[in-house]
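# Notes for the structure review
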Amino acid sequence: MEDLQYVILKKERVHDFISTLSKIQKLVAPVSKGYNNFAFEEVSSGSEIALKYIPTILPLKKFFMPQRETLLEFKIAKGTHAEPVVEYEPMTIFGAHTCDLAGVQCLNMVFSERPKDYNYLTRKNKITLIGLECNEYCDEYASCHLVNASFPSGGYDLFFTDLGDYFIVHVNTQTGDEIVDTTESFEKADTSHIKELKRLRDTKSKIFSNEVSIERRYMPELFDMSFRARVWKALEERCLSCGNCTNVCPTCYCFDIRDELELNLKRGVRYRVWDSCQLEPFARVAGGINFRKERSARQRHRYYRKFRYPVDRFSRFFCTGCGRCTRTCMAGISLKETLNELIKESEDRVWKKWL
Amino acid sequence: MEKVAIKDSSYRLKKAKILQTKKLTANEKFFEIALMDGERLDYEPGQFIMVSLLGIGEVPISVCSSPAKRDSFDLCIRAVGKVTRSLHKLKAGDVIGIRGPYGKGFPVRILEGNDLLIIAGGLGIAPLRSLIQYVLDNRRDFGKVHILFGCKEPKDMLFSDELEYWNERTDLHYACTVDRADPDWAGNVGVITTLMPGVDIEPSRTFAAVVGPPIMYNFVIKELIAKGIPERQILLSFERNMKCGNGKCGRCQIQNLYVCQDGPVFHYEQIKNLNEAF
Ligand SMILES: Cc1cc2nc3c(=O)[nH]c(=O)nc-3n(C[C@H](O)[C@H](O)[C@H](O)COP(=O)(O)OP(=O)(O)OC[C@H]3O[C@@H](n4cnc5c(N)ncnc54)[C@H](O)[C@@H]3O)c2cc1C
Ligand code: SF4
Ligand code: FES
């Protein structure tokens, strides 16, 4: 650990820091919405922020890939002239947990893969990210360790870890460094602070362990043998096809593109909106054929898009272990339970050799 | 929220003018189109473009002409819904928006020097017409060429003048069939596989290019394999719901493949084990 990269922020200076930060550009942070619900919202003072929070209702994708986003603006009168546009808003996000940082990393990969999506990339470059470490599990739905997202691994400008009387802050980028300079709230970290951080991380490695009984590296293989598992049929009976799980997922990025005319029929926009592979018409084509007609096929698709397909394409899981899909599902479908059932189902076949 | 113009948007449209249209059948219409502003569409047989009507929407459509025809290109569009029905109302001189081309078409360089067995069902003739025209433009570069075409009824036959012309050419073998005849029909009756025993091929040097409705694939592929054509040499084009063409929106995904980028043309070996393919 390079000492230069670490600074500390004393707890009594946090409020100063937040209000200064909020004056630089729009600042969003986790805010309590009651009943153990939280949301990332604009704040201007430290007192508005919930420093201890479980994953927000919607993940950070709402800033990186807004629920509705204009792609083209056009005037019908001018023949067929359409102007491509990008909507963006410079902002700082404070308090992102490692699972949510992982979610942004996934989206970054998708939209910077060729053909690149400059709407996303333009917006992404205007967002400053400040992470916040989880010293312990948020709740029993999390499975961040399984997917390697329980400890920080990049994807932030600054990263805060709560060490009691102060935060130790990892400065990861030039942008982060500038924040440290302009807010003037930080002090140099010395070796004792770094030691404290190391001690916390050691404690953490005892708290965090694989949330389902499988080693991470065997996950792709588990899915390779599970395409025809009975588990999917069981989900068929329960899933309501509401699409809540994909809406709240930090790495679900499927979208629809639609046109909208103003009432005068003279101007209009083409926009994209979040869509969901859980909805029945998603894979339907002309003539009524539907390539994922059954809810079991659609649920299976969701899990394979988290644990199998991206492993080939991006060498990582597209599940961040945040637990949002489980918390939100009205039918009580649990990601950890599904994985455990897949493991159990394949156990009597070949799984045993690995245990 | 700020909103600014963006030069390199994936959704930028090129303007294109309709040069002529022609009703082919009750549901299908032919369009000859040229890009405006001095631009040209640079595509391969089997690729598709996104066709836009502002305020209505955007749909993927195969280019159905040969790339050798440089100044304009052709589309053949079946009216099935919102956008395609509106496109049918357009006439020569009207302007539409285009983006693309997208996807992987037929691997024409690899096909050169081999025999071709081209099998089209219904609207599948559209992307295959691009390949057929390309082959005829460069006829010397290919071995034997067989074209089999099937549709439901004689009145559904697309490009009938051209079919006649293919039939008359001595450098290719052409046969067609209809599922149900009408009183004027003197040709073959039966599903497309009934034409297959009549084709004499040398399987090891034959590539089959098949485009048609999903149901057709199962039967035709079985026959092709029975004839001994290697799985790698069977080419298929898939239709999926598509919104972006850029491998992002997720609509066209078959397991880990995106039809808009990895296809729409696949060789059978690549997709035969994919559960959601057929
Ligand atoms: C690679 C590719 C090449 C194609 N080439 C041609 C072609 O050359 N000629 C041609 O006539 N058609 C072609 N199609 C099909 C054409 O894109 C659809 O018929 C069209 O998108 C339907 O849009 P719509 O607005 O008219 O219908 P809608 O009102 O949107 O829907 C009518 C029905 O079509 C389904 N549908 C919606 N969008 C699509 C879609 N993108 N693809 C398939 N079904 C859809 C809907 O679920 C509904 O059942 C191609 C499709 C693909 C994927
Ligand atoms: S939230 Fe639950 S019920 Fe709704 S689509 Fe997802 S898994 Fe099905
Ligand atoms: S059409 Fe959007 S991913 Fe293929």
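Residues numbered from 1 in each chain as written. Chains lettered and ligands numbered in written order. Predicted model: local features only at pLDDT ≥ 70, side-chain atom pairs only at ≥ 80, totals over all residues. Heavy atoms only, no water.

Residue and element names in this part refer to chain A. For the structure shown, the criterion picks out 0 disulfides over all chains. Among the cysteines around Cys99, which has no disulfide bond, Cys322 carries the closest sulfur, lying 5.5 Å off. When its relative accessible area of 8% is taken as the criterion, Cys99 is described as buried. (Disulfide = S-S within 2.5 Å. Buried < 20%, exposed > 50% of the residue type's maximum accessible area, 1.4 Å probe, protein only.)

Residue and element names in this part refer to chain B. Annotation of chain B at the domain level lists domain 1 (9–102) and domain 2 (108–237). Centre-to-centre, using C-alpha coordinates, domain 1 lies 24 Å away from domain 2. On the side of domain 2, 17 residues touch domain 1, which itself brings 19 residues to the contact. When the two sides are added together, the surface that domain 1 and domain 2 hide from each other amounts to roughly 1,400 Å², 58% of it contributed by carbon and sulfur. Of all residues in domain 1, Pro45, Cys64 and Ser66 give up the largest surface area on contact with domain 2, accounting jointly for 30% of the area buried on that side. (Domains from an automatic or database assignment. Contact = heavy atoms within 4.5 Å. Buried area = accessible area lost by both parts, 1.4 Å probe.)

Here the focus is the site of ligand 2. Every residue close to ligand 2 is listed here: A:Cys239, A:Leu240, A:Ser241, A:Cys242, A:Gly243, A:Asn244, A:Cys245, A:Gln299, A:Arg302, A:Cys329 and A:Ile333. At the level of secondary structure, the elements contributing two or more residues to the shell around ligand 2 comprise helix 9 (244–247) and helix 10 (295–307) of chain A. (Near = heavy atom within 4 Å. Helix = DSSP H or I, 4+ residues; strand = E, 2+ residues; numbered from the N terminus.)

Chain B puts 47 residues into the contact, and the matching count from chain A is 53 residues. A buried area of about 4,500 Å², summed over both sides, lies between chain B and chain A, and 55% of it is on carbon and sulfur atoms. Considering only the surface of chain B that becomes buried against chain A, B:Tyr11, B:Leu54 and B:Lys248 emerge as the three largest contributors, covering 18% of it. Between chain B and chain A we count 7 salt bridges in total. (Salt bridge = Lys/Arg side-chain N within 4 Å of Asp/Glu carboxyl O.)

Counting residues in hydrophobic clusters, the biggest one holds 129 residues, and the most contacted among them are A:Phe17, A:Ile93, A:Phe160, B:Ile119 and B:Leu224. Top contributing element to this core by residue count: helix 3 (residues 125–137) of chain B, with 8 residues. The residues contacting B:Leu224, other than those within four sequence positions of it, are B:Leu117, B:Ile119, B:Met196, B:Ala208, B:Val210, B:Ile229 and B:Ile234. Counting residues in hydrophobic clusters, the runner-up holds 31 residues, among them A:Ala149, A:Val212, A:Phe223 and A:Cys319. (Core = buried A, V, L, I, M, F, W, Y, C linked by side-chain atoms within 4.5 Å.)

Take helix 1 (residues 14–24) of chain A next. Within the sequence span of helix 1 of chain A, burial applies to A:Val14, A:Phe17, A:Ile18, A:Leu21 and A:Ser22. The buried residues of helix 1 of chain A all sit within an arc of 130° when viewed along its axis, so they share a single face. (Arc of directions from axis to C-beta.)

Structurally, B:His88 is set in helix 1 (residues 82–88). Discounting chain neighbours no more than four positions away, the residues touching B:His88 are B:Lys23, B:Asn27, B:Glu28, B:Lys29, B:Phe31, B:Ile77, B:Arg78 and B:Ala79.

Scored by pLDDT, chain B has a mean of 94; 100% of the residues are at 70 or more. Scored by ipTM, the complex comes to 0.92, with pTM at 0.93. (pLDDT = per-residue confidence, 0-100.)

The subject of this paragraph is the site of ligand 1. Every one of the 22 residues lining ligand 1 counts as a neighbour, but A:Ala286, B:Pro60, B:Cys76, B:Arg78 and B:Thr84 are closest to it. Nearby residues place ligand 1 at the junction of chains A and B. B:Lys82 places a main-chain nitrogen or oxygen 2.9 Å from an oxygen atom of ligand 1. Contacts to ligand 1 include B:Met242, whose backbone N or O atom sits 3.3 Å from a nitrogen atom. Its free accessible area being 850 Å², ligand 1 has 84% of it covered by the protein chains. For the shell around ligand 1, the element with the most residues is strand 5 (residues 57–62) of chain B, which contributes 4 residues. Looking at the shell around ligand 1, its residues break down into 13 nonpolar, 4 polar and 5 charged. (Polar contact = N/O pair within 3.5 Å; in protein donor to acceptor, adjacent residues only side chain to side chain. Areas by Shrake-Rupley, 256 points an atom, 1.4 Å probe, with all protein chains shown as cover. Nonpolar A, V, L, I, M, F, W, Y, C, P; charged D, E, K, R; others polar.)

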